[in-house]
Amino acid sequence: MLTAVNHLGEKLSSLQNRREILKKLSNERKLFCPYCHANLIFHAGTQRIYHFKHHHSECTFETEPETVEHLMGKATIYNWLKGYIVGKYPSAIIETEYRIE
């Protein structure tokens, strides 16, 4: 999962926000799933891109693990859109994960 919500209800992206800030919020248990509102852990290892993971949850958003290639593809598209689209369309909202019910 690449998106979390902090204790103030603000969306945070693991691709955009600083590692130190996300690690601190994770340690303070102030990161939550935007869908089921369960607590999330921030993972900032060396093998995969930075991401969030549930402590324990029955959240239906996470149905299967994503490969490294899939996550890197999301990051590449997200970063390209942030650099290209936002310059042309300042009001555009770019998200890595958006749930369609």
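Look a little higher up for the structure.
Calculation criteria
Residues numbered from 1 in each chain as written. Predicted model: local features only at pLDDT ≥ 70, side-chain atom pairs only at ≥ 80, totals over all residues. Heavy atoms only, no water. Helix = DSSP H or I, 4+ residues; strand = E, 2+ residues; numbered from the N terminus. Rg over C-alpha atoms; globule rule 2.2 N^0.38 Å. Buried < 20%, exposed > 50% of the residue type's maximum accessible area, 1.4 Å probe, protein only. Contact = heavy atoms within 4.5 Å. Areas by Shrake-Rupley, 256 points an atom, 1.4 Å probe, with all protein chains shown as cover. Pairing = 2+ DSSP bridges. Salt bridge = Lys/Arg side-chain N within 4 Å of Asp/Glu carboxyl O.

(A) A look at the overall build of the chain. Across its full length, the chain carries two helices and five strands. Listed N to C, the secondary structure of the chain is β-β-α-β-β-β-α in terms of helices and strands. Expected size for 101 residues packed as a compact globule is a radius of gyration near 13 Å; at 14 Å, the chain falls within 12% of this value. Taken along its principal axes, the extent of the C-alpha atoms in the chain is 40 × 30 × 30 Å. Split into buried and exposed, the 101 residues of the chain put 32% on the buried side. A separation of at least 24 residues holds for 44% of the contacts in the chain among residues at least 6 apart in sequence. As displayed, the chain has an accessible area near 7,000 Å², and 54% of this comes from carbon and sulfur atoms.

(B) A look at the pairing of strand S1 (residues 3-6). Here S1 shows no split at all, with Thr3 and Val5 on one side and Ala4 and Asn6 on the other all buried. Where S1 and strand S2 (residues 11-13) come together, three bridges link them in antiparallel fashion. Paired with valine 5 across the two strands is lysine 11, which belongs to S2. Where S1 folds back onto S2 in an antiparallel hairpin, the turn is made up of four residues, including glycine 9, whose phi is positive at roughly 85°. Relative to strand S3 (residues 31-32), S1 runs antiparallel, the two being bridged by two bridges. Looking at S3, one finds that valine 5 is bridged to phenylalanine 32.

(C) A look at the environment of lysine 53. Position of lysine 53 relative to the elements: it lies in strand S5 (residues 51-54). Accessibility expressed as a relative area gives 43% for lysine 53, which makes it partly exposed. Remark: the alpha-carbon pair of lysine 53 and phenylalanine 32, spanning 21 residues in sequence, is separated by 9.5 Å. Among all residues touching lysine 53, those that are not within four sequence positions of it are Asn39, Leu40, Ile41 and His43.

(D) Molecular detail of the sheet that holds S2. One open sheet accounts for three strands, arranged S2-S1-S3; its pairing is antiparallel. Pairing within the sheet leaves two strands with one partner each, and these edge strands are S2 and S3.

(E) Seen up close, the pattern of salt bridges. One pass over the structure, following the stated rule, counts four salt bridges. Note that arginine 18 and glutamate 20 form a salt bridge whose closest N and O atoms lie 3.2 Å from each other. The shortest N-O distance in the salt bridge between glutamate 28 and lysine 30 comes to 3.5 Å. Residues participating in the shared-partner salt-bridge network are Lys24, Glu28 and Lys30.

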